[in-house]
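# Working through the structure, step by step
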Amino acid sequence: KVRQAVMYSIDREAVAKVVGFGIDPATYYWWKDGQPGYDPSLPKYSHDPGKAKQLMAEAGMSEGPEVTYVSVNRPQDVTMSEVIQAQLLQAINVRVKIDKLEQVAWQNATRSGNWDQTQTRVSITAPDPSIFATWMYSGNAYQYSNKEVDRLYDKARATYDAKEQAETYKELQKVLFEDAGLSPIFFWLRNDVTNKQVKGWLPQPWHWNLRYVWLDQ
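A brief report on the enclosed structure follows.

Cut-offs used in this document
Residues numbered from 1 in each chain as written. Predicted model: local features only at pLDDT ≥ 70, side-chain atom pairs only at ≥ 80, totals over all residues. Heavy atoms only, no water. Helix = DSSP H or I, 4+ residues; strand = E, 2+ residues; numbered from the N terminus. Buried < 20%, exposed > 50% of the residue type's maximum accessible area, 1.4 Å probe, protein only. Contact = heavy atoms within 4.5 Å. Arc of directions from axis to C-beta.

Secondary-structure assignment places Gln 117 in strand S3 (residues 117-118). Among the residues examined, Gln 117 registers a relative accessible area of 15% and is labelled buried. Leaving out residues up to four positions away in the same chain, Gln 117 has contacts with Val 6, Val 67, Thr 68, Tyr 69, Val 70, Leu 88 and Val 96.

On to helix H3 (residues 49-58), then. Residues of H3 that are buried: Ala 52, Leu 55 and Met 56. Projected onto a plane normal to the axis of H3, the buried residues spread over an arc of 100° and lie on a single side. Packing partners of the buried residues in H3 comprise helix H1 (2-9) and helix H4 (75-92). Taken from the residues just after H3, Gly 60 is the one with a positive phi, measuring 75°.

Of note in the backbone geometry, Asn 93 takes a positive phi value of approximately 60° without being a glycine. By the secondary structure assignment, Asn 93 is in the loop between H4 and strand S2 (95-101). Even without being a glycine, Gln 143 presents a positive backbone phi close to 70°. On the secondary structure map, Gln 143 appears in the loop between helix H6 (133-136) and helix H7 (147-157).

Structure follows, in structure tokens:
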């Protein structure tokens, strides 16, 4: 219930506006439109401070705990952690202590499990939702583990039936919602700008591929 309260306390639209400069859209689902299993009618954590307070009271934690939030010490990451810090304090009196770490130190900290909250960037490099298994399947770097999530991922990835796969991914998203261990906040859009002399450039979801790029001079 405490994790669910945290989810209801986060104003994703506000985070996206501040951190994404009003360009990047807020999201309430891991799945994106067009991916197997995407369904906007599935339950989501909208911004509901009243519901958050109710859940904290039911959990016997109306006073609000103090938690540690580890963040990479980059401007946008720090800004995001500070926005969420303010939202949790205002909504449910959770006092967030932010540890700003360099990239390697942050990776070591998340792998150690010695933290309460963190954030990361997820790159959607393929339309297949199994890409999310890197963050959701047991054994990931962020210590998240749910046997039912593992089972549903295995089931979805073992079938060639598109309808069955989509339904399995919908069921998986419902489990993620109830567990409230992970939550998307907003889509960090990538914008590529090139000179008109650059030819052969193709947008890439992650690393740049310059193999077919040439200059028309």
